[in-house]
Amino acid sequence: MGSIHAGTKENIIPDEAELQLSIRSVDPVVRDRVLAAVRRIVRAEAVASGAPKKPEFTSLGAFPVTVNDADATAATIDGPRRALGEEAVLVLPQPINGSEDFGLCGTALGAPSVLGRTGAARGGTHLAR
């Protein structure tokens, strides 16, 4: 849930409400299913509550899923592994579901790309994908 805007006072039923969501996924197919489910649920709630108008949907922004290229990822983590040792570099077993526009770069350029994160923890440095 991002935000809800409706009405001006607690004792007045508003004529309309605005709901803003941020939907994040690591798979474009899942994202499409989630968006379709949101639309279906909102439409059903409008019908169930007797809303006089159908809900309107507007996309405020969307970014493609960031998919790290396997070869570019291997090349990217090779240096830190050689410098710090195999045990000091961690590749997470699953993607991190963040809100990131980096996916636009590789998509727009048609080039392999890698989005990583670095950090330090007791015992080593970690690279996440």
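Residues numbered from 1 in each chain as written. Predicted model: local features only at pLDDT ≥ 70, side-chain atom pairs only at ≥ 80, totals over all residues. Heavy atoms only, no water.

Enquirer: Which parts of the structure should I look at to understand the overall build of the protein?
Expert: Looking only at helices and strands, one finds 3 helices and 4 strands in the protein. Each helix (α) and strand (β) of the protein, taken in turn from the N terminus, gives the series β-β-α-α-α-β-β. Buried residues in the protein amount to 16% of all 129 residues. The long-range share in the protein, meaning contacts at least 24 apart out of those at least 6 apart in sequence, stands at 52%. Carbon and sulfur atoms form 55% of the exposed surface of the protein, whose accessible area is close to 10,000 Å². (Helix = DSSP H or I, 4+ residues; strand = E, 2+ residues; numbered from the N terminus. Buried < 20%, exposed > 50% of the residue type's maximum accessible area, 1.4 Å probe, protein only. Contact = heavy atoms within 4.5 Å. Areas by Shrake-Rupley, 256 points an atom, 1.4 Å probe, with all protein chains shown as cover.)

Enquirer: Would you mind showing me how to read the pattern of salt bridges here?
Expert: Close approach of charged atoms allows side chains with opposite charge to pair. On inspection of all chains with the given rule, the structure shows 2 salt bridges. A salt bridge links Arg-82 to Asp-78; the nearest nitrogen and oxygen atoms lie 3.1 Å apart. One end of the pair, Arg-82, and the other, Asp-78, are both in helix α2 (residues 70-84), 4 residues apart, so they sit about a helical turn from each other. You can call Asp-78 partly exposed: its relative accessible area is 36%. (Salt bridge = Lys/Arg side-chain N within 4 Å of Asp/Glu carboxyl O.)

Enquirer: Looking at this structure, I do not really get the confidence of the model for the protein. What am I missing?
Expert: The predicted coordinates should not be examined in detail at positions where pLDDT is low. The pLDDT averaged across the protein works out to 84; a share of 90% of its residues lies at or above 70. For the protein, per-element mean pLDDT is lowest for strand β4 (residues 124-128), which scores 51, and highest for helix α1 (residues 28-48), which scores 93. (pLDDT = per-residue confidence, 0-100.)

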